[in-house]
Amino acid sequence: MELRQLSYFVAVAEELHFGRAAERLHIVQSAVSQQIQRLERELGAELFDRSPRRVRLTGAGERLLPEARAVLAAADKARASVAASAGLRLGTSTGLGAHLDRVLAAFAERAPEVPVELVSLPAGERLARVAAGLLDAAFVRSAEPPAGVRVVPLWPDPLVAALPATHPLARQGEIDLADLAGLPLALAPRSANPALVDLVLGACHAAGFEPVPGRAGGTLHDTLATIGARPLWTVVYASHARVLATPRVAYVPFRAPGLALATGLAVPAADPSAHLEKLLLACGDHES
């Protein structure tokens, strides 16, 4: 049994999708599948119930998941104990777009000698790693911090509607949410982003309609490609939409008050290090 196999297993268990796990791990899907199969052979048990429509943990997989997380966390702590980072370990999330570029540029001006290691993980794992001292800070949205972690409010992240560029609503300067009632909504599973899914579905209900479920792609890029070819819509952070330009998809703002999630920086509850103080100042520079 290898740490790599456990890492792949945890990624698939959290995403419940081999394609999304591969994207998160920055490897091809076939490599993830092969390593999971090797792990299953070594353990003599199937860890996932695979079907054409969904992936679920088996009983053996559910029992292995907390143990695998514990092993990986212990390995991370062991590495950190002998190779303490001289730089800033920063957890990131999808959709930060231009925000992240500006913050990193402002931080580089304040601390040009400090390298920054960006780590992309699900929100829960980002918070857990900040609590364990394995990340110095992490960007999060509408997250409840665990013990030993506080979240410093940064900025609201407005959402825009992504819809086919050929749709009549694509020519509007802004739209009401209710205008989209007739289009199927393509959203990721709630487990992948509960705050976002709850916000959008709650806003649809408040606007007087139950959104028609549309099939989302394995990744945001897959979903946008599908929207470019079919009458669907989804939501994208406005800051991210600026770097997702495609001629077949239009990004249209919602009419006020709109939709937004609050972005914050999760940091240790204890006094911040010098690096963190400069990062927080960089976030302030970004907003000024």
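Residues numbered from 1 in each chain as written. Predicted model: local features only at pLDDT ≥ 70, side-chain atom pairs only at ≥ 80, totals over all residues. Heavy atoms only, no water.

Caption draft 1: Spatial organisation of the packing of helix α2 (residues 18-25) against helix α3 (residues 29-43). α3 packs onto α2 with a crossing angle of 105° between their chain directions and a minimal axis gap of 8 Å. Relative to α3, the element α2 is oriented roughly perpendicular. For the pair α2 and α3, contact is made by Phe18, Gly19, Ala22 and Leu25 and by Gln29, Val32, Ser33 and Ile36, respectively. Grouping the amino acids of the contact of α2 with α3 by side-chain chemistry returns five nonpolar, three polar and no charged. (Axes fitted to C-alpha atoms, helices over the stretch in contact; angles between N-to-C directions. Helix = DSSP H or I, 4+ residues; strand = E, 2+ residues; numbered from the N terminus. Parallel < 35°, antiparallel > 145°, perpendicular 65-115°, else oblique. Contact = heavy atoms within 4.5 Å. Nonpolar A, V, L, I, M, F, W, Y, C, P; charged D, E, K, R; others polar.)

Caption draft 2: Spatial organisation of the packing of aromatic side chains. According to the stated counting rule, one finds three aromatic pairs in the structure shown. When the centroid spacing of 5.5 Å and the interplanar angle of 50° are considered together, the rings of Phe9 and Phe48 count as tilted. Highlighted residues: Phe9 in helix α1 (residues 3-15) and Phe48 in strand β1 (residues 48-50), separated in sequence by 39 residues. Take Phe9 and Phe48: they sit in the same class, and that class is buried. Centre to centre, the rings of Phe18 and Phe48 are 5.9 Å apart; their planes meet at 70°, and the pair counts as edge-to-face. Linking Phe18 in helix α2 with Phe48 in strand β1, this pair joins segments that are 30 residues apart in sequence. In terms of burial, Phe18 and Phe48 fall into one category: buried. Connected via pairs of aromatic rings, a cluster forms that spans Phe9, Phe18 and Phe48. (Phe/Tyr/Trp six-rings, centres within 6.5 Å; stacked < 30°, edge-to-face > 60°. Buried < 20%, exposed > 50% of the residue type's maximum accessible area, 1.4 Å probe, protein only.)

Caption draft 3: Structural detail: the side chain of Thr58. With respect to the helices and strands, Thr58 occurs in the loop between β2 (55-57) and α4 (59-82). A polar side-chain atom of Thr58 sits 2.6 Å from the main-chain carbonyl oxygen of Glu46. Leaving out residues up to four positions away in the same chain, Thr58 has contacts with Glu46, Leu47, Phe48 and Asp49. (Polar contact = N/O pair within 3.5 Å; in protein donor to acceptor, adjacent residues only side chain to side chain.)

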